[in-house]
Amino acid sequence: MKKYILLLFLGLWTIGAVSQTLKLKSQEFELHNVTGSIIKFQGKKVLKIERDLEALPFDADRLEETVDETHYARLVGLDDFENGTIEVKMYSQIQNPSPYAPAAGFIGVYFRIKEDDSAFESIYLRPKVGRINNQYARNHAVQYFSYPDYKFQTLRDDFPAGTYEGSAPVTLNEWITMRIEVNGETAEMFINDMKYSSFIVNKMLGKNKKGYLGLYVDIGTIGYFRDLKVTKRAFKKEKENKEKIDDI
């Protein structure tokens, strides 16, 4: 979302295009096609964001083309995240009224984002179905995708079921701690300080190997974020897994 403002710098007036930024404690976030504010929520200061449908319209008849796009809050000052840990606390609500009836509280993280937003990786949640009494729906509670070539429907169509989706014990209107361990082509997601991961991406599909990091919401979602922690690490070569998995 771009706005034109007058900038006074060293006594000279200059016209420039800038994105709205918000500061939460020591971190600053640049808003990309989302509206946002810093508010006090349940006793703590948080970043609240919602997708900006004026800046980036949604079309239910062209679902894959108009979701999982560049609507997120970018962490300013970190442009070279490649491998390491991303941890954040997030809380998802459905807008009332919702612009899309099947909205599931889409919320999560973008990483390895190119400067111009043309490519990135993502893992996000659909909290509405995380604890639903239906196993098929639960299996869609977690989603990996790689922008722009491998969005959710393409992954469902081109890969075996469950390759890039999974389940997680999450729900709406509840704080969720998401931790993602990124290492080379793999990413592993942990929920709420559980010892073992809920979801593994064995092979990420994006070509961009390092970049920015951002906090994401999609259609019909109000997202609240706090306590974002990012730790960069060098690539760690994984031990070869000799256990057979194809004869179960």
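Residues numbered from 1 in each chain as written. Predicted model: local features only at pLDDT ≥ 70, side-chain atom pairs only at ≥ 80, totals over all residues. Heavy atoms only, no water.

Caption draft 1: How the structure looks around the overall build of the protein. A count of helical and extended segments in the protein gives 3 helices and 17 strands. By the burial criterion, 48% of the 248 residues in the protein qualify as buried. Put simply, 64% of the contacts in the protein that link residues at least 6 apart link residues at least 24 apart. Of the accessible surface of the protein, which amounts to about 13,500 Å², a share of 50% is contributed by carbon and sulfur atoms. (Helix = DSSP H or I, 4+ residues; strand = E, 2+ residues; numbered from the N terminus. Buried < 20%, exposed > 50% of the residue type's maximum accessible area, 1.4 Å probe, protein only. Contact = heavy atoms within 4.5 Å. Areas by Shrake-Rupley, 256 points an atom, 1.4 Å probe, with all protein chains shown as cover.)

Caption draft 2: Representation of the side chain of glutamate 87 within the structure. Locating glutamate 87 in the fold gives a position in strand β8 (residues 84–94). We note that glutamate 87 is buried and unpaired, the nearest opposite charge coming from lysine 229 at a distance of 4.4 Å. The contact partners of glutamate 87, leaving out residues within four places of it in the chain, are Thr177, Met178, Arg179, Asp227, Leu228 and Lys229. (Lys, Arg positive; Asp, Glu negative; His and termini not counted. Salt bridge = Lys/Arg side-chain N within 4 Å of Asp/Glu carboxyl O.)

Caption draft 3: Representation of the pattern of salt bridges in the model. As enumerated under the stated definition, the model contains 15 salt bridges in all. Notably, a salt bridge pairs arginine 51 with aspartate 218, separated by 2.8 Å at the nearest N-O pair. Note that arginine 51 is positioned in strand β6 (residues 44–51) and aspartate 218 in the loop between β16 (212–217) and β17 (221–232), a separation of 167 residues in sequence. Judged by relative accessible area, arginine 51 falls into the buried class, the value being 7%.

Caption draft 4: Seen up close, the side chain of threonine 85. The residue threonine 85 is located in strand β8 in this model. On the accessibility criterion, threonine 85 (10% relative accessible area) is buried. Among the polar contacts listed, one links the side chain of threonine 85 to the side chain of arginine 233, at a separation of 2.5 Å. In this structure, threonine 85 is in contact with Arg179, Ile180, Glu181, Lys229, Val230, Thr231 and Arg233, ignoring residues within four places of it in sequence. (Polar contact = N/O pair within 3.5 Å; in protein donor to acceptor, adjacent residues only side chain to side chain.)

Caption draft 5: Focus on the sheet that holds strand β10 (residues 120–125). Spatially, the 8 strands line up as an open sheet ordered β3-β4-β7-β16-β9-β10-β11-β12, and their pairing is antiparallel. The sheet is open, and its two borders are formed by β3 (21–24) and β12 (165–166), each paired with just one other strand. Bridge count for strand β11 (residues 142–147) against β12 is 2 bridges, and the pairing is antiparallel. In the sheet register, glutamine 143 faces β12, and the bridge partner there is glutamate 165. (Pairing = 2+ DSSP bridges.)

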